[in-house]
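Tertiary structure, described
Each chain, written out:
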Amino acid sequence: MRLRVSSMVFGGAVSMATLVLLYQGLSLPPDTRPPGEQLIVSLESRLQRLESDLQAKQLTITEIKNLVRQLAGSNSRANSLLGSQYGVLTASKFVRLPSPWGYRCESGRCIKEVNDGIAGLVTLNQCKLTCGPFGVLWPQPQTAKLGTDVVEFLPTNVFLTPLITEEVLPLLREAFDIFKGNLEKHHPHYSSGSAPWSSHWSPSSAVHGVEVKVQVQGVETFLTLHTNESYELHIHTDGDKTTATIIAPNFFGARHALETLTQLVEYHENRGTLMIVRTASVYDAPAFKYRGLLLDTSRNFFSVAAIERTLDTMAANKLNTFHWHITDTHSFPLYLESLPNMAFYGAYTPSQIYHPHEVRHLVQYARVRGIRIVPELDAPAHVGNGWQWGETHGLGKLAVCVNKEPWLSYCFQPPCGQLNLANPNMYTVMAKIYKELAQVFSPVDLFHFGGDEVNLNCWNTTEEITSWMTANNNSLDVDAYYDQWGVFQEKAYQLLTTVNKAVQVTGILWSSGLTGKERVERYLSNSKYIIQIWTKGSDPVIAELLRKNYRVIFSNYDSWYLACGAADWMSKGNNWCSPYQGWHVMYDNSPHDIARNLTGSPHSDLVLGGEAALWSEQIDEASMDAKLWPRGAALAERLWTNPRTNWQPAETRFIHHRQRLVKRGVQADRIQPEWCYQNDGACRRQQPLLPVLENCLP
């Protein structure tokens with residue numbers, strides 16, 4: 001590999017530019033560094049003798065090392081550095097050559113060209129930041145006007161001016177600390193909580209201040225379905241100060257504005273500073289109230305740190321609901337102080353348990369990031385391991401069909417298990433579980449009761465249940481079991497209300513046989529329940545629910561199930577919901593369009609939003625990031641902005657946003673080669689793949 005060194009690269013000032021780069025690279029500690037002027041004079045005199053070698057010459061890395069050694073001369077400290085592990089990085093550490101490329105914005109695309117120093121080209125980061133009506137903001141705001149100029153500053157010169165109530169101030173201060181931490185992550189060498197901000201900045205960059213002025217009138221500190229998450233953000237620069245003014249009705253809108261402000265900042269590749277757009281005005285609000293992500297922690301366990309990382313990334317995308325599918329038939333990883341046997345029997349290992357203090361921590365961690373956590377206790381199916389202790393403690397069988405074989409006869413995937421409707425002690429245990437969930441997730445404004453994939457054959461082949469049905473003058477047909485399922489659901493709702501100090505909580509249920517056309521109104525009140533649709537977006541049940549005024553959340557598996565497209569984990573072939581759905585499909589999945597196609601109306605008042613689901617049969621925290629991101633970001637823009645366009649106009653911003661997530665420590669899946677990122681729009685195929693491949697065949 002050879003590096004081009006020329007007067008053009010050094011901006012026409014070879015001796016001084018090269019001198020500064022070499023001087024920065026030596027990085028001698030203060031106790032061994034000679035006075036600055038002496039070193040500069042010494043290096044410059046040697047540089048003048050070598051200048052002819054630097055002009056328009058092809059140099060290898062080894063040759064550059066030798067040049068630096070000559071420049072160091074008799075400086076023993078410099079030579080020892082060159083011979084040390086530190087000095088091995090000669091090309092990047094001692095001679096940091098600026099890129100010969102520059103960029104200009106044309107029709108919302110950053111065009112790459114050779115930088116001749118005359119055309120006024122800018123760096124890639126600056127071009128991305130200011131090109132197009134929305135720059136690289138994600139999700140796209142409702143309206144924005146961004147300036148095309150930037151000013152440079154350092155993160156140490158950013159400060160907060162809060163104009164808010166005392167109730168909100170602690171949340172805002174914590175959110176501002178997160179904001180400043182995200183600024184640090186713009187640096188390409190950020191690591192372990194800090195970045196090496198050390199360079200010879202221009203005086204204007206070193207003193208430029210950024211004031212973040214936040215005006216919040218409301219005192220709301222907990223997110224609900226009625227929270228107004230809108231905000232305004234205005235950026236103005238005057239002399240050596242930039243003021244970012246945030247105006248929001250409550251903390252949650254202000255937090256979203258801080259995320260937007262973070263995305264109006266980038267790292268300046270050539271100068272080692274941050275840069276912010278000189279002027280901007282953003283008016284923004286979400287299109288949907290419910291913008292969610294589901295994580296299943298029963299089939300495989302996910303650490304608190306992994307969940308924190310997921311919440312961080314949700315906040316970066318303005319998603320506001322973390323649906324925690326904590327338990328299932330596979331495991332019960334939640335420790336309950338009143339029922340320790342649930343985790344004792346149900347956790348995979350003693351170290352794979354969520355303790356109450358950890359749950360409370362996550363609830364607060366999410367709240368500061370503008371996210372509510374919705375707990376799910378799936379029932380009456382999807383229960384099993386963790387419930388086996390009842391008989392040995394004198395409570396009888398709390399669940400039936402647990403781990404029963406052949407599993408295909410009693411459940412939809414192994415292991416099996418359903419609650420024992422014939423055992424009144426089951427309701428006593430349920431009440432204790434609900435009570436602790438209401439406490440650790442307090443305040444609860446939404447609760448997910450689960451309620452899908454009940455296997456009636458499990459109940460109908462359990463002697464204890466069939467005898468109980470007969471003794472209570474019930475038949476053993478399908479309708480009789482649906483009646484008892486409906487009774488269970490009503491009791492479950494009342495139990496939760498009782499332990500929640502008589503405060504009713506809106507329940508969420510998966511679409512199921514109970515929510516079908518002939519049954520939903522008989523068993524479920526549309527004032528108490530929201531129905532989460534997991535079937536296809538073409539399911540006629542959706543139209544029935546909307547016509548009957550049920551509120552709905554979309555998680556249709558043909559677009560928003562993130563685990564689809566893998567091999568079947570129980571047999572040969574692909575899993576049941578294949579194929580894999582890329583970000584394009586997720587982006588184009590519009591809840592309003594689904595409702596309109598089925599009913600002729602978008603039903604904006606009933607369609608609350610949507611949620612992508614990460615079921616974890618074949619996923620653990622080693623692979624979760626790549627499954628969630630950046631596809632989850634496509635969901636986020638659909639639910640925040642609900643754009644009228646398809647994925648194509650969003651592609652450039654989406655690719656950049658993926659890069660941003662990686663800088664923040666997210667192992668997001670790669671979308672395109674780096675070359676495509678540096679050449680906007682050049683990788684989009686304009687015709688089907690097959691003809692292209694045929695042209696390549698011999």
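Anyway, here's the lowdown on the structure attached to this text. Being a predicted model, the structure only gives us computed values, none of them experimental.

The subject of this paragraph is the layout of surface pockets. Roughly 490 Å³ of internal volume is contained in the second largest pocket. Lining the second largest pocket we find 24 residues, and of these Q413, E453, Y561, W576 and E617 sit closest to its centre. Looking at the lining of the second largest pocket residue by residue, the class counts come to 12 nonpolar, five polar and seven charged.

The strand order β6-β12-β11 describes an open sheet built from three strands, whose pairing is antiparallel. With partners counted over all chains shown, the strands left at the sheet margins are β6 (150-153) and β11 (265-268), one partner each. Each adjacent strand pair in this sheet contributes to an overall mean axis angle of 35°, direction not counted. For β6 and strand β12 (residues 273-277), the ladder comprises four bridges, and the chain directions are antiparallel. Looking at the pairing, V151 lines up with I276 of β12.

Moving on: the nonpolar core. Judged by nonpolar contacts, the single largest core of 122 residues is most densely connected at W324, W387, I433 and F441. If near-sequence neighbours (up to four positions away) are discounted, I433 is found in contact with F332, L336, L339, M342, L377 and W387. By size, the runner-up hydrophobic cluster in this structure holds 46 residues, among which are V212, V265, V368 and W640.

A separate point is the state of the cysteines. Counted according to the given criterion, the structure contains six disulfides. Put simply, C105 and C131 are joined by a disulfide, and their sulfur atoms are 2.0 Å apart. In this structure the cystine formed by C105 and C131 twists about its S-S bond by roughly 75°; its chirality is therefore right-handed. Here C105 is found in strand β3 (residues 101-106), whereas its partner C131 is found in the loop between α6 (124-130) and β5 (143-146), with 26 residues between them in sequence. Disulfide pairing places C676 opposite C683 at an S-S distance of 2.0 Å. In this structure, the disulfide formed by C676 and C683 twists by about -85° around the S-S bond and is classed as left-handed. We classify C676 as buried; its relative accessible area is 7%. Among the residues examined, C683 registers a relative accessible area of 32% and is labelled partly exposed. Taken in N- to C-terminal order, the disulfide-linked cysteines of the chain are connected 1-4, 2-3, 5-8, 6-7, 9-10, 11-12.

Another point: the packing of aromatic side chains. Under the counting rule described, the total for this entry stands at 29 aromatic pairs. Aromatic pair W324 and Y354: ring centres 5.0 Å apart, planes at 80°, arrangement edge-to-face. Placement of the pair is W324 in strand β15 (residues 321-325) and Y354 in the loop between α11 (340-346) and α12 (356-368), with a sequence separation of 30 residues. The burial state of W324 is the same as that of Y354; both residues are buried. Considering the side-chain rings of Y561 and W576, the 6.2 Å spacing of their centres and the 90° angle between planes classify their relative orientation as edge-to-face. Of this pair, Y561 sits in the loop between α19 (557-560) and α20 (583-588) while W576 is found in the loop between α19 and α20, placing the two residues 15 residues apart along the sequence. Owing to a relative accessible area of 56%, W576 belongs among the exposed residues under this scheme. Cluster of aromatic residues (ring-pair linked, three or more members): W510, W534, Y557, Y561, W576 and W615. Here K318 stacks its cationic end above the ring of W640, 5.8 Å away from the centre of that ring.

Here Y348 shows up in the loop between α11 and α12. Expressed as a C-alpha distance, the spacing of Y348 and F332, which sit 16 residues apart in the sequence, is 8.2 Å. When near neighbours in sequence (up to four residues on either side) are disregarded, Y348 contacts S298, R299, N300, H330 and S331. Reaching out from Y348, the side chain makes a polar contact with the backbone oxygen of S298 at a distance of 3.1 Å. A distance of 3.0 Å separates a polar atom in the side chain of Y348 from the backbone oxygen of R299.

With that settled, consider the pairing of strand β14 (residues 290-296). Burial within β14 is extensive, with seven of its seven residues counted as buried. Neither face of β14 is left uncovered, since the one carrying Y290, G292, L294 and D296 and the one carrying R291, L293 and L295 both have all their residues buried. Summarising the sheet, β14 and strand β23 (residues 607-614) pair through six bridges and their orientation is parallel. If you follow L293 over to β23, its bridge partner there is A612. In this structure, β14 lies alongside β15, joined through five bridges in parallel fashion. Within β15, the residue paired with L295 across the bridge is W324. In the classification by handedness, the crossover that spans β14, the intervening helix α10 (residues 304-316) and the parallel β15 is right-handed.

Calculation rules
- Residues numbered from 1 in each chain as written.
- Predicted model: local features only at pLDDT ≥ 70, side-chain atom pairs only at ≥ 80, totals over all residues.
- Heavy atoms only, no water.
- 1 Å grid on protein atoms, 1.4 Å probe; cavity = no way out; pocket = protein on both sides within 12 Å on 5 of 7 lines; lining within 4 Å.
- Points joined across faces, edges and corners; volume = space filled by probe spheres on them.
- Nonpolar A, V, L, I, M, F, W, Y, C, P; charged D, E, K, R; others polar.
- Pairing = 2+ DSSP bridges.
- Helix = DSSP H or I, 4+ residues; strand = E, 2+ residues; numbered from the N terminus.
- Axes fitted to C-alpha atoms, helices over the stretch in contact; angles between N-to-C directions.
- Core = buried A, V, L, I, M, F, W, Y, C linked by side-chain atoms within 4.5 Å.
- Buried < 20%, exposed > 50% of the residue type's maximum accessible area, 1.4 Å probe, protein only.
- Contact = heavy atoms within 4.5 Å.
- Disulfide = S-S within 2.5 Å.
- Phe/Tyr/Trp six-rings, centres within 6.5 Å; stacked < 30°, edge-to-face > 60°.
- Lys NZ or Arg CZ within 6 Å of the ring centre and 35° of its normal.
- Polar contact = N/O pair within 3.5 Å; in protein donor to acceptor, adjacent residues only side chain to side chain.
- Right-handed = clockwise from strand over helix to strand, strands pointing away.

Remember that the coordinates give geometry; whether it matters functionally is a separate question.
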